[in-house]
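Okay, here's what each chain looks like letter by letter:
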Amino acid sequence: MMDKLEDFESFLKNVDKISALVKDLNASDVEVQQKAVEKADCYIAALDEPCRTKVNKTAINTNAPLQTPLSPQSESPEHFMMIMERDAEDRRKRRVAKEKKATAFKDKGNEAYAQEDYETAVKYYSDGLAELRDMQHLYTNRAQAYIKLEKYKEAINDCEWALKCNERCIKAYLHMGKAYLALKKYNESRNCFEKIVEIAPGREKMVKEYLTKVDLEEKKESQEMIARQEFDKGEGQRTTVPQLVEKLSRPGQIPLYYCGGLEILSQAVTVCTGQTLFRLNNGFSIMSNNDTVRSCLLQKTKDPHSQDLCVSVLKLWRVICCGNDENQKMLMTCPVFRQSVVHLVTSEHVAVQKECLALLCLYSQMPHGRCLAFDKLNLHMLVRNLMACISKPKQQQDNTAVKILENFAAENKFCIQLRNRIDSVIEPFTTTLTNISKSNQHLLPSLISAIGCLTRDDVICHNFAHDPECWKAFLVAIKQCSACGYKEILYPLLGLIINLSAIISPAIQEHAVSLCGCCLGLLKDSDGGVITRATGVLSTVLPQSSEAIQHVIQGDVVWIMRRLLKGTGQTATKYAMKTLTVCTAASCLAREELVKSDKKLSILRHLLGSSCDEMVSGNAALCLAHCLELEGIASNLLGTDIVLLLLRHAAGDAKKTAVQQNAAIALGKLCRSEPRHVNKLRELHGLEILHSCMKLFT
């Protein structure tokens, strides 16, 4: 292998020398050309030196040469150039042919790999490399096959060769990191994965997952080493765990026998060493293969003793998995656990349901546990059962089911897997909203928060926004919360509605009038948070319904929004300004009401001069443009700073062109309605700015 590497490097050096000679032969300087010819002669003479080939393959041609003797003209630089170019073309053609053969072998290797025939895949990749030694993909593909065959050192060697072909090869570092991890060389593995982030920062999420695997494997090895050392020393209760596991492996005992043993074992495995010893002594497989234990977990018998045994098993699993990632992983490999845990969520036995939810909650608390649950459990059935548990207040012991759902909803992977089965969430959620009572009111804030996390996914959000029953339930829930004073529910509910109503939907349009009517009522609430979010709902729902706009205008919404703009927080100001803009855009009556109480539009001018929020500034300029359509309003603004304010935004102080455009439109309407504003515009050199802005927008 080393000889071949040296030959390859020698070949590359020769290519560099020949390239330099060709460049000198083409030089305009005659002296440089002459020196190049001399160097070329020396180089050709050097080719007669013995090569490293061990087998003599020299063929002697006994026929007389056909070519004519070399003339002085044939020894010219031009002739040498022609020979070199011809040689380069021949080399190119040979390489193309080799690449074609190597690619064919690579494709065959990929087919074998896809069929899990890794030995054959390695053979084809090797055949490809025999044709072309510097084909990076053949090295990385063969390394991947070697990893499947547990030939980790060979895989690392191939990755190193791939990096010689391309020092930024991500696949080489990826496979090398996996191979080092399998060899328990954790630092080397980390270095490989971290190198990927340096090359491609966009792969950070993937690398983070692999680094987590490295940490877990290193932690597992350390735990097992400590556990074996303590067991060999016979310290404390460490020797008790293997003895108890052995007793529990005895088949055919009554449930009470196993219950007692499991209770003692649960007390002995509360620390990491005990948990690890349980795993090292095949505790998981022993428990899973016990017919009595399997029967109670699968609820084949429902006598009291079997139910108690089921509780004891679930409790033991929870204790041995608490804080132990490897045990969580091992438990998920047990078929009986995967089959039973999803169904036991809806168990009629309260203690069984409680322990099952506690175990699932343990998995939901950390990314590693959540990932295991997503990959191994029937997620759709689990979600349906969790929602069934939540929607039955009589069976609820606490809000553990909601916590599980909330923790799961924080992961994109969960949302993606749930897209096609989101009805299993929407239906029970709407049922719960229409039946709010003292028995379930403590669950609703967390449940709504979980739904809010789910709706961050575009597909799920679209499904919620287009579901008519969902909007009916929102109306019922708002009225119920308002009547009973459930503000802890009302606040997150309004936030969810704001997010959903950003999507244009027939279901929203159908209920827009009723929904906006409810929000008008909430604007009289003493709680500033409720008022802010009710205004937010108006700002997102009103653009979808002209009928709703007329309804809220009759309910004095313009006066209320103007009041909110005088002294509220930034969020309330943003919502109120958008609501006012929507109303003045659709209704002349809304413009008249706004101007009637504020003839010089001082509030809008104040927002244009003071607000740093792009949305507020843009909507203030647009609302002002709407009001300028009324007769006499432009004249009322003579002597104010309106031209300067609008010109600043139109000239480009704002980062978004929408604000610039709205300001330019308002400025144009202002000057058209009252020509005397043009004088101020000229004074500020605004005509040129306005012309540039309008040219940009058009």
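What counts, and where the lines are drawn
Residues numbered from 1 in each chain as written. Predicted model: local features only at pLDDT ≥ 70, side-chain atom pairs only at ≥ 80, totals over all residues. Heavy atoms only, no water. Helix = DSSP H or I, 4+ residues; strand = E, 2+ residues; numbered from the N terminus. Buried < 20%, exposed > 50% of the residue type's maximum accessible area, 1.4 Å probe, protein only. Contact = heavy atoms within 4.5 Å. Areas by Shrake-Rupley, 256 points an atom, 1.4 Å probe, with all protein chains shown as cover. Axes fitted to C-alpha atoms, helices over the stretch in contact; angles between N-to-C directions. Parallel < 35°, antiparallel > 145°, perpendicular 65-115°, else oblique. Left-handed = near helix turned anticlockwise from the far one by under 90°. Nonpolar A, V, L, I, M, F, W, Y, C, P; charged D, E, K, R; others polar. Phe/Tyr/Trp six-rings, centres within 6.5 Å; stacked < 30°, edge-to-face > 60°. Lys NZ or Arg CZ within 6 Å of the ring centre and 35° of its normal. 1 Å grid on protein atoms, 1.4 Å probe; cavity = no way out; pocket = protein on both sides within 12 Å on 5 of 7 lines; lining within 4 Å. Points joined across faces, edges and corners; volume = space filled by probe spheres on them. Arc of directions from axis to C-beta. Polar contact = N/O pair within 3.5 Å; in protein donor to acceptor, adjacent residues only side chain to side chain. Salt bridge = Lys/Arg side-chain N within 4 Å of Asp/Glu carboxyl O. Core = buried A, V, L, I, M, F, W, Y, C linked by side-chain atoms within 4.5 Å. Disulfide = S-S within 2.5 Å.

Student: Explain the overall build of the protein residue by residue, including any values.
Tutor: What the protein contains, in helices and strands, is 40 helices and 0 strands. Within the span of the protein, comprising 698 residues, buried residues form 46% of the whole. Of the contacts made within the protein by residues no fewer than 6 positions apart, 69% connect residues no fewer than 24 positions apart. By element, 51% of the accessible surface of the protein is carried by carbon and sulfur atoms, the whole surface being about 36,400 Å².

Student: Describe the packing of helix 20 (residues 379-390) against helix 21 (residues 400-409), with residues and values.
Tutor: The interhelical angle for the contact between helix 20 and helix 21, taken along N-to-C directions, is 140°, at an axis separation of 9 Å. In terms of orientation, helix 20 lies oblique with respect to helix 21. Handedness of the helix 20/helix 21 crossing: left-handed. Side by side, helix 20 and helix 21 meet where Leu382, Val383, Leu386, Met387, Cys389 and Ile390 of the first sit next to Ala401, Val402, Ile404, Leu405 and Phe408 of the second. Of the residues contributing to the contact of helix 20 with helix 21, the split by class is 11 nonpolar, no polar and no charged.

Student: Lay out the packing of aromatic side chains with the relevant residues and their values.
Tutor: Evaluation of the coordinates by the stated rule reveals 12 aromatic pairs. Between phenylalanine 374 and phenylalanine 408, the aromatic rings sit 5.2 Å apart at their centres with planes inclined by 70°, giving edge-to-face as the arrangement. Of this pair, phenylalanine 374 sits in helix 19 (residues 367-376) while phenylalanine 408 is found in helix 21, placing the two residues 34 residues apart along the sequence. Overall, the relative accessible area of 5% leaves phenylalanine 374 in the buried class. Put simply, the rings of Trp317, Phe337 and Tyr363 touch in pairs and so form one group of aromatic residues. Seen from the ring of tryptophan 161, lysine 164 lies directly overhead, with NZ or CZ sitting 4.7 Å from the centre. Sitting over the ring of tyrosine 491, arginine 533 keeps its end group 4.1 Å from the ring centre.

Student: Explain empty space enclosed by the protein to me, and be specific about the residues and the numbers.
Tutor: Applying the stated criterion across every chain, the model contains 2 cavities of 30 Å³ or more. Within this model, the largest cavity holds a volume of roughly 40 Å³. Lining the largest cavity we find Leu216, Lys219, Lys220, Gln223, Asn324, Asp325 and Glu326. If you list the elements that add at least two residues to the lining of the largest cavity, you get helix 9 (204-233) and helix 16 (325-332). The residue inventory of the lining of the largest cavity, partitioned by class, reads 1 nonpolar, 2 polar and 4 charged. In this structure, the second largest cavity encloses a volume near 30 Å³. Sorting the residues of the lining of the second largest cavity by element identifies helix 31 (557-567) and helix 34 (602-610) as the ones contributing at least two each.

Student: Outline the packing of helix 27 (residues 487-500) against helix 29 (residues 528-541), listing residues and values.
Tutor: Viewed as axis vectors pointing N to C, helix 27 and helix 29 meet at an angle of 20°, and their least axial separation amounts to 9 Å. Taken together, the axis directions place helix 27 and helix 29 in an arrangement best described as roughly parallel. In this structure, the crossing between helix 27 and helix 29 has a hand that is left-handed. The residues of helix 29 that touch helix 27, namely those facing Leu490, Tyr491, Pro492, Leu494, Gly495, Ile497 and Ile498, are Gly529, Val530, Arg533, Ala534, Gly536, Val537 and Thr540. Taken together, the residues of the contact of helix 27 with helix 29 sort by class into 9 nonpolar, 4 polar and 1 charged.

Student: For helix 33 (residues 588-597), give the residues involved together with the corresponding values.
Tutor: Within the span of helix 33, buried status applies to Ala590, Arg591, Leu594 and Val595. Buried residues along helix 33 cover an arc of 125° about the axis, so they all sit on one side. In this structure, the buried side of helix 33 is in contact with helix 30 (546-554), helix 31, helix 32 (570-586), helix 34, helix 35 (614-627) and helix 36 (633-636). In this structure serine 587 caps helix 33, since a side-chain oxygen of it lies 3.2 Å from the backbone nitrogen of leucine 589.

Student: I'd like a rundown of helix 31, residues and numbers included.
Tutor: Among the residues making up helix 31, those that are buried are Val557, Val558, Ile560, Met561, Arg562, Leu564 and Leu565. Where helix 31 is buried, its residues touch helix 28 (506-522), helix 29, helix 30, helix 32, helix 33 and helix 34.

Student: Describe the pattern of salt bridges, with residues and values.
Tutor: The full count for this structure, using the stated rule, is 24 salt bridges. When the shortest N-O distance is used, the salt bridge between aspartate 107 and lysine 106 registers 3.8 Å. Residues arginine 190 and glutamate 218 are paired through a salt bridge, measuring 2.3 Å at the closest nitrogen-oxygen approach. Taken together, the positions of arginine 190 in helix 8 (residues 186-199) and glutamate 218 in helix 9 put the pair 28 residues apart, joining distant regions of the chain.

Student: Break down the nonpolar core for me, with residues and values.
Tutor: Core analysis: the biggest nonpolar cluster contains 166 residues, and Phe278, Leu297, Trp317, Phe429, Phe464, Phe474 and Leu646 have the highest contact counts within it. Broken down by element, this core gets its largest block of residues, 10 residues, from helix 15 (residues 304-321). Once residues within four sequence positions are removed from consideration, phenylalanine 474 is found in contact with Phe429, Leu433, Leu493, Leu496, Ile497 and Leu500. Among the nonpolar cores identified, the runner-up in size contains 42 residues, and Tyr125, Ala145, Leu163 and Tyr210 belong to it.

Student: How would you sum up the side chain of asparagine 662? Please name residues and give values.
Tutor: Tracing the sequence through the fold places asparagine 662 in helix 38 (residues 657-673). Setting aside residues up to four positions removed in sequence, asparagine 662 forms contacts with Gly618, Ala621 and Leu622.

Student: Describe the side chain of aspartate 457, listing the residues and the values that go with them.
Tutor: In this fold, aspartate 457 is placed in the loop between helix 24 (444-454) and helix 25 (458-465). In this structure, aspartate 457 is in contact with Cys415, Ile416 and Arg419, ignoring residues within four places of it in sequence.

Student: Provide a residue-level description of unusual backbone geometry, including the pertinent values.
Tutor: A positive phi angle is found at glutamate 116, which is not glycine, with a value near 65°. Tracing the backbone shows glutamate 116 in the loop between helix 3 (77-114) and helix 4 (118-131). Assessed through its relative accessible area of 60%, glutamate 116 is described here as exposed. One non-glycine residue with positive phi stands out, namely lysine 184, at about 65°. Tracing the chain through its elements places lysine 184 in the loop between helix 7 (170-182) and helix 8.

Student: How would you sum up the environment of arginine 250? Please name residues and give values.
Tutor: With respect to the helices, strands and loops of the structure, arginine 250 is situated in the loop between helix 10 (240-248) and helix 11 (255-268). According to the relative accessible area criterion, arginine 250 is partly exposed, its value standing at 37%. On a C-alpha basis, the gap between arginine 250 and asparagine 290 in space is 8.3 Å, while along the polypeptide they are 40 residues apart. In this view, arginine 250 contacts Tyr257, Tyr258 and Asn290; residues no more than four positions away in its chain are not counted.

Student: Explain the state of the cysteines residue by residue, including any values.
Tutor: One way to say it: the disulfide is the covalent bond shared by the sulfur atoms of two cysteines. For the coordinates displayed, the defined rule picks out 0 disulfides. Of the cysteine sulfurs around cysteine 310, a residue in no disulfide, the closest is that of cysteine 296, at 4.8 Å. With no disulfide of its own, cysteine 519 has cysteine 516 as its nearest cysteine by sulfur position, at a separation of 6.2 Å. Cysteine 519 sits in the buried class, given a relative accessible area of 0%.

That's the geometry; what it means functionally is another story.
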